[in-house]
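Understanding the architecture of this molecule
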Amino acid sequence: ALLRPGRFDRKVVVDRPDADGRKEIIDYYLNKVKHEPMPMDRMVSDTIGYTPVAVKYVINEAVIHAHFDGRQAINYWDFTRAREIHEWGLRQPIRNMTYEDRRRIAYHEAGHAYAMVKLLKKERLIKVTIIRHGGALGLAAPKPVEETYTSTKEEDLNDIQISLASRAAEEIFLGVQMTGVTSDLQQATVRAALLIGAFGMDNSFISYLPMGMDGLLKSVAGGEMKGRMDAILNDEYRKVKRMIELNKEAVIAIAEALILRNELTDIDVNEILARVEAEHPFTDARKAEERPF
């Protein structure tokens, strides 16, 4: 009743701040604390999708991090650690984890990381780690390069490949299937459901979204979309597994560096891949499919 015609003349959408807005907000809160020179362009990129309150929280958390490190002025490292806590949860290393568990997690995350580097078009890998953050034993995290408001079918299919790359790496390098793929499979399943039941990208324009996301997923459970989703998921899994098989040396190098160092930044991963690909150039799985093994 409050929103019926005649009650309000205008409805104003208050969106998250864009790059210029985030720059002003970051400047505002940085001016309230002592800080070293900061890479503003990088910070603006790091905070795509942030609200003003989220920016304030991260800068305040950076101050706490610097304080416990015995410093009065924050730097970009403090900001990054604070941002990671905000996005991923507290950093809580498991000190008595066995080598075998660390190795399994490293190869799992190396699969994600390598797929991100090779498949992401509008995002970049920022970190891959086997240190527990919140409830995650490890993670590979991307960040948008710039604000985007749409995606294509190819980009969504690549996202499915990235989600399934962990299972591919487990099978190729470890010869096992691990329980850590729960959220990966959920993300891939939801993405496939949206491709079919919301975005009209599978030779059908029927949309299940008028029933809401629950209605869409019930359609999956009822079998109406299951076969088509299985076809998409299996096809994208085959593609990413083939890519990893053809570029084993690169994935092994990332995983072994993770075992040694626990976490790698985008700079670290790019340096590793530059060294490996100097001897073993990247093989595009799509082109390789045109010729026999």
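My aim in this report is to walk through the structure given alongside it, one point at a time. (Residues numbered from 1 in each chain as written. Predicted model: local features only at pLDDT ≥ 70, side-chain atom pairs only at ≥ 80, totals over all residues. Heavy atoms only, no water.)

Let's talk about the overall build of the protein
Helix and strand content of the protein: twelve helices and three strands. A total of 293 residues make up the protein; the buried ones form 43% of that total. Expressed as a percentage of contacts within the protein between residues at least 6 apart in sequence, the contacts between residues at least 24 apart total 70%. Of the roughly 16,600 Å² of accessible surface on the protein, a fraction of 53% belongs to carbon and sulfur atoms. Of the charged side chains in the protein, 42 are positive and 45 negative, and the gap between their average positions amounts to 3 Å. (Helix = DSSP H or I, 4+ residues; strand = E, 2+ residues; numbered from the N terminus. Buried < 20%, exposed > 50% of the residue type's maximum accessible area, 1.4 Å probe, protein only. Contact = heavy atoms within 4.5 Å. Areas by Shrake-Rupley, 256 points an atom, 1.4 Å probe, with all protein chains shown as cover. Lys, Arg positive; Asp, Glu negative; His and termini not counted. Charge placed at Lys NZ, Arg CZ, Asp CG, Glu CD.)

Some words on the sheet that holds strand β1 (residues 123-129)
The three strands are arranged β2-β1-β3 in an open sheet whose pairing can be described as antiparallel. A strand with exactly one partner marks an edge of an open sheet, and here the two such strands are β2 (139-144) and β3 (263-265). Geometrically, the sheet is characterised by an average inter-axis angle of 25° between neighbouring strands, direction not taken into account. Here six bridges tie β1 to β2, and the two strands are oriented antiparallel to one another. Bridge pairing in β2 links Leu125 to Pro142. Helix α10 (residues 248-261) rests against β1 and β3 of the sheet, and its axis sits at about 120° to β3. (Pairing = 2+ DSSP bridges. Axes fitted to C-alpha atoms, helices over the stretch in contact; angles between N-to-C directions.)

Considerations on helix α6 (residues 153-174)
Along its 22 residues, α6 runs 31 Å from first to last C-alpha, staying within 8% of the 32 Å computed at 1.5 Å per residue. Its axis deflected by about 40° at Leu164, α6 carries its strongest bend there. Within α6, 18 of the 22 residues are buried, which leaves the element mostly enclosed by the surrounding structure. Following α6 by one or two positions, Gly175 adopts a phi angle in the positive range, close to 70°. (Expected span 1.5 Å × (residues − 1). Bend = angle between axes of the 7 residues up to and from the residue.)

Let's talk about the side chain of His133
By the element assignment, His133 lies in the loop between β1 and β2. Relative accessible area serves as the criterion here: at 1%, His133 is assigned to the buried category. In this structure His133 touches Glu84, Trp88, Gly89, Leu90, Arg91 and Leu139, once residues within four positions along its chain are discounted.

Brief notes about the environment of Arg286
Examined against the element boundaries, Arg286 turns out to sit in helix α12 (residues 285-288). On a C-alpha basis, the gap between Arg286 and Lys239 in space is 7.8 Å, while along the polypeptide they are 47 residues apart.

Concerning the pairing of β1
Among the seven residues that make up β1, six are buried, leaving the element largely enclosed by the rest of the structure. When β1 meets β3, the two strands line up antiparallel, connected through three bridges. Each bridged residue has a counterpart across the sheet, and for Thr129 the counterpart in β3 is Glu263.

Points about the nonpolar core
With 56 residues, the main nonpolar core has Ile160, Met225, Ile244, Ile254 and Leu264 as its most contacted residues. Listed by contribution, the elements that provide at least two residues to this core are α5 (99-119), β1, α6, α7 (182-197), α8 (212-221), α9 (226-246), α10 and α11 (266-279). It is α6 that provides the largest number of residues to this core, a total of ten residues. Beyond its immediate sequence surroundings of up to four residues, Ile160 is in contact with Ala188, Arg191, Ala192, Leu195, Ile232, Leu233 and Glu236. Listed in part, the 18 residues of the second largest apolar core include Met38, Met43, Tyr50 and Phe79. (Core = buried A, V, L, I, M, F, W, Y, C linked by side-chain atoms within 4.5 Å.)

Things to note about the packing of α5 against α6
Running from N to C, α5 and α6 point in directions that differ by 140°, and their axes come no closer than 8 Å. Between α5 and α6, the angle falls in the class oblique. Judged by the twist between their axes, the crossing of α5 over α6 is right-handed. Note on element contacts: α6 touches α5 through Asn158, Gln161, Ile162, Ser163, Ala165, Ser166, Ala169, Glu170, Phe173 and Leu174, opposite Arg103, Arg104, Tyr107, His108, Gly111, His112, Ala115, Met116 and Leu119. (Parallel < 35°, antiparallel > 145°, perpendicular 65-115°, else oblique. Left-handed = near helix turned anticlockwise from the far one by under 90°.)

Thoughts on the environment of Met229
Relative to the helices and strands, Met229 is located in helix α9. The sequence separation of Met229 and His112 amounts to 117 residues, and the corresponding C-alpha distance is 21 Å. With residues near it in sequence (within four places) discarded, Met229 still touches Thr189, Ala192, Ala193, Ile196 and Val220.

Some words on the side chain of Asp266
Along the polypeptide, Asp266 turns up in helix α11. You can call Asp266 buried: its relative accessible area is 12%. Excluding residues that lie within four positions of it along the chain, Asp266 makes contacts with Arg42, Arg124, Leu125 and Ile126.

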